[in-house]
Amino acid sequence: MTVKDIASFEQYRYKLDDGIRGGNLTPAFSMFNLYQIKATSYLEKLLIELDDRVNSLDFAREESIALDVEDVQWAKDQTMLSDRSRQLLKNSVLGLKLTDKDHDDIISTLKRRYSDQLTRLRQLNNEDVFQLYINALTELYDPHTNYFSPRNSENFNINMRLSLEGIGAMLKREGEYVTIERLVTAGPAEKQGELQPNDKIISVAQGENAEAVDVVGWRLDEVVDLIRGEKGSTVVLGVLSESSTTPNISKEISIVRNTVKLEEQSATKTVVEIF
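Quick look at the structure, then. In this numbering scheme, every chain counts its residues from 1 along its sequence in written order. A pLDDT threshold of at least 70 governs which residues receive local features in this predicted model, and a stricter bar of 80 or more applies before side-chain atom pairs are shown or counted, although totals over entire chains, interfaces and linings include all residues. Side-chain numbers come from the whole structure's heavy atoms, not from hydrogens or water.

**Description of the environment of Val 3**
(1) Moving on: Helical segments are the DSSP runs of H or I of at least four residues, strand segments are the runs of E of at least two, and each set is numbered from the N terminus. Relative to the helices and strands, Val 3 is located in helix 1 (residues 3–7).
(2) Moving on: Each residue gets one of three labels from its accessible area relative to the maximum for its type: buried under 20%, exposed over 50%, partly exposed in between, using a 1.4 Å probe on protein chains only. For Val 3, a relative accessible area of 39% puts it in the partly exposed group.
(3) Moving on: Residues Val 3 and Lys 15, spaced 12 residues apart in sequence, show a C-alpha to C-alpha distance of 20 Å.

As structure tokens, this is what we get:
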């Protein structure tokens, strides 16, 4: 964003506190919406022009960038903003070169990286924006005070009691898919025996005869919400399994939810005697 963009927010300087008391979130969403539009446009254009931009980088030119954003002033105009983008891209390419990646690997890595950023940006919802805004406000007064959205509050409570009701699988997002990172020892999924690490989840159904919901492209937390459920209930996962003889053909796995103990996440202590 440029100095001009930031100046447009000046109209809210003396309205933010009154807005919070009155439940008016218009300033917060106006600022976020402008950011989202500009960031989305930037990433879309970057992905289209990535090959040409990388090929045009001059690595013989000596220059530097500030990696600590606290030391960086807002760009005065679009020209200055574009030059900063070029420098950041150059830094990313150099970092990948230092890991001995060749040109094609660098391009594919950057495309995957920027595509993931674009996906996460597009998936931000009102709840995310509200949490960002309120936390920015609360941390002005106390760095230890945080607002939790309902979903994050539930996750916090799970971490505190070290148990949940679900299938006992740790998930992660890879591209458009939510995949199995690992199975919780002695959890329902491990005991059932079919679900394996690296399996891609493509659908979730709430029971044997229930309609399956296609979850390709969904946010990780949204897929987690569908898979969790009451102890004793059944969830049916549609998965693509790399270990299968037909990895491109999905299969359905039925798992009965149960209480999952997260004992490996519990705090531990060790007494070391020094003589």
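Once the structure has been displayed, the description carries forward.
**A word on a nonpolar patch on the surface**
(1) Moving on: Candidates for patches are residues over 30% relative accessible area with no salt bridge; among them, like charges are joined within 9 Å and nonpolar side chains (Val, Leu, Ile, Met, Phe, Trp, Tyr) within 5 Å. Calculation of accessible area relied on Shrake-Rupley with a 1.4 Å probe; when residues are assessed, cover is drawn exclusively from the protein chains displayed. Salt bridge, as used here, is a side-chain nitrogen of Lys or Arg placed within 4 Å of a carboxyl oxygen of Asp or Glu. Together, Phe 148, Phe 156 and Met 160 make up an exposed nonpolar region whose accessible area comes to about 300 Å².
(2) Moving on: Since its relative accessible area comes to 38%, Phe 156 is described here as partly exposed.

**Considerations on the environment of Gly 207**
(1) Moving on: With respect to the secondary-structure elements, Gly 207 resides in the loop between strand 4 (200–205) and strand 5 (213–214).
(2) Moving on: On the basis of relative accessible area, Gly 207 is assigned to the buried category, the value being 12%.
(3) Moving on: Remark: the alpha-carbon pair of Gly 207 and Ser 233, spanning 26 residues in sequence, is separated by 7.4 Å.
(4) Moving on: The contacts of Gly 207, once residues within four sequence positions are left out, are Thr 234, Val 235 and Val 236. The contact rule is simple, with two residues in contact once any of their heavy atoms fall within 4.5 Å.

**Quick word on the packing of aromatic side chains**
(1) Moving on: Ring geometry is summarised as follows: Phe, Tyr and Trp rings, the Trp one being its six-membered ring, pair when their centres sit within 6.5 Å, and such pairs are stacked at plane angles under 30 degrees, edge-to-face over 60 and tilted between the two. This structure, assessed with the given rule, holds three aromatic pairs.
(2) Moving on: On the basis of an interplanar angle of 55° and a centroid distance of 5.9 Å, the ring pair of Phe 32 and Tyr 35 is categorised as tilted. One end of the pair, Phe 32, and the other, Tyr 35, are both in helix 3 (residues 26–55), three residues apart, so they sit about a helical turn from each other.
(3) Moving on: For Phe 32, a relative accessible area of 12% puts it in the buried group.
(4) Moving on: Above the plane of the ring of Tyr 177 lies Lys 200, whose end atom (NZ or CZ) is 5.8 Å from the centre. Remark: a charge is flagged as sitting over a ring if the NZ atom of Lys or the CZ atom of Arg is within 6 Å of the ring centre and within 35 degrees of the ring normal.

**Let's talk about the pattern of salt bridges**
Opposite charge on two side chains allows them to pair when their charged atoms are near.
(1) Moving on: Tallied over the full model, the rule gives 17 salt bridges.
(2) Moving on: Linking Lys 90 and Glu 63 is a salt bridge whose minimum nitrogen-to-oxygen distance equals 2.9 Å. With Lys 90 in helix 4 (residues 78–97) and Glu 63 in the loop between helix 3 and helix 4, this residue pair connects regions lying 27 residues apart in the sequence.
(3) Moving on: Given the relative accessible area of 6%, Lys 90 is considered buried.
(4) Moving on: Classification of Glu 63 by relative accessible area gives partly exposed; the value is 26%.

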